[in-house]
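Spelled out from the first residue to the last, the chains are:
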Amino acid sequence: QVQLVESGGGLVQAGGSLRLSCAASGIIFSMTTMRWYRQAPGKQRELVAGITRGDNTNYADSVKGRFTISRDNAKNTLYLQMNSLKPEDTAVYYCNVFWWGRDYWGQGTQVTVSS
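Residues numbered from 1 in each chain as written. Predicted model: local features only at pLDDT ≥ 70, side-chain atom pairs only at ≥ 80, totals over all residues. Heavy atoms only, no water.

Asks: Before we go on, may I ask you to explain the state of the cysteines in this structure?
Replies: Put plainly, a disulfide is one covalent bond tying together the sulfur atoms of two cysteines. As enumerated under the stated definition, the model contains one disulfide in all. Here cysteine 22 pairs with cysteine 95 through a disulfide, and the sulfurs are 2.1 Å apart. Taking the sign of the torsion about the S-S bond as the criterion, the disulfide between cysteine 22 and cysteine 95, at about -80°, is left-handed. Placement of the pair is cysteine 22 in strand E3 (residues 18–25) and cysteine 95 in strand E9 (residues 91–99), with a sequence separation of 73 residues. Here the two residues cysteine 22 and cysteine 95 agree in accessibility, since each one is buried. (Disulfide = S-S within 2.5 Å. Helix = DSSP H or I, 4+ residues; strand = E, 2+ residues; numbered from the N terminus. Buried < 20%, exposed > 50% of the residue type's maximum accessible area, 1.4 Å probe, protein only.)

This is how it looks when you write it as structure tokens:
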């Protein structure tokens, strides 16, 4: 079965950095597009960044220049390097993959940025 397990969240001051990881299993990781989403309290879940199997990337305008998505196919792991964090980046961050006709999500990891 498909499993996505996020880690790396925490509490950080504004201007700080965090690196999130998502360990994937049950999929052919190197063949898939992977995405990071986030959901802040009272808001809809939003796409943060995506990376294709060819390493093409896309970002939400709000994180461009500050966040970097990457993948290690040998480790079946997706990353999100987050720099220059702002209080508005506070949210639960989720790893996502669309595989064989359905979306799969991890359990999420909390990121809290204090001002």
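Asks: Sorry if this is basic, but what is going on with the layout of surface pockets here?
Replies: Taking a probe equal in size to a water molecule and rolling it over the atoms shows the remaining empty space. Of the pockets and cavities examined, the largest pocket occupies roughly 170 Å³. Lining the largest pocket are 13 residues, with Arg38, Ala40, Lys43, Glu46 and Glu88 positioned closest to its centre. Of the residues in the lining of the largest pocket, the class split is two nonpolar, four polar and seven charged. (1 Å grid on protein atoms, 1.4 Å probe; cavity = no way out; pocket = protein on both sides within 12 Å on 5 of 7 lines; lining within 4 Å. Points joined across faces, edges and corners; volume = space filled by probe spheres on them. Nonpolar A, V, L, I, M, F, W, Y, C, P; charged D, E, K, R; others polar.)

Asks: Honestly, the pairing of E9 in this entry has me stumped. Any pointers?
Replies: When a strand is regular, its side chains alternate between the sheet's two faces. A large share of E9 lies buried, amounting to eight of its nine residues. Where strand E4 (residues 34–39) and E9 come together, six bridges link them in antiparallel fashion. Bridge pairing in E9 places tyrosine 37 opposite tyrosine 94. In this structure, E9 lies alongside strand E11 (residues 109–114), joined through three bridges in antiparallel fashion. Its bridge partner being in E11, alanine 91 is matched across the sheet by valine 111. Sheet analysis places E9 next to strand E10 (residues 102–105), joined by four bridges and oriented antiparallel. Paired with asparagine 96 across the strands is tryptophan 105, a residue of E10. Linking E9 back to E10 in an antiparallel pair, the connection comprises two residues, with tryptophan 100 at a positive phi of about 50°. (Pairing = 2+ DSSP bridges.)

Asks: Got a minute to help me understand the pairing of strand E8 (residues 77–82) in this structure?
Replies: Summarising burial for E8: five of the six residues are buried, a large majority. Sheet topology places E3 next to E8; six bridges connect them, and they run antiparallel. Following the sheet pairing, leucine 20 is matched in E8 by leucine 80. Following strand E7 (residues 67–72), the chain reverses through four residues before pairing antiparallel with E8; asparagine 76 in that reversal takes a positive phi of roughly 50°.

Asks: When you look at the packing of aromatic side chains in this model, what are you seeing that I'm missing?
Replies: The geometry of two aromatic rings is summed up by the distance between their centres and the angle between their planes. Per the counting criterion, the structure on display carries two aromatic pairs. For the ring pair tyrosine 37 and tryptophan 105, a centre distance of 4.9 Å and an interplane angle of 70° mean the geometry is edge-to-face. Here the residue tyrosine 37 occupies a position in strand E4, and tryptophan 105 occupies one in strand E10, the gap between them amounting to 68 residues. With relative accessibility at 19%, the residue tyrosine 37 sits in the buried group. Taking the relative accessible area as the measure of exposure, tryptophan 105 reaches 35% and is therefore partly exposed. Judged by centre distance (6.4 Å) and plane angle (90°), the rings of tyrosine 94 and tryptophan 105 are edge-to-face. Residue tyrosine 94 is located in strand E9, and its partner tryptophan 105 is located in strand E10; the two are separated by eleven residues in the primary sequence. Taken together, Tyr37, Tyr94 and Trp105 form an aromatic cluster joined through their ring pairs. (Phe/Tyr/Trp six-rings, centres within 6.5 Å; stacked < 30°, edge-to-face > 60°.)

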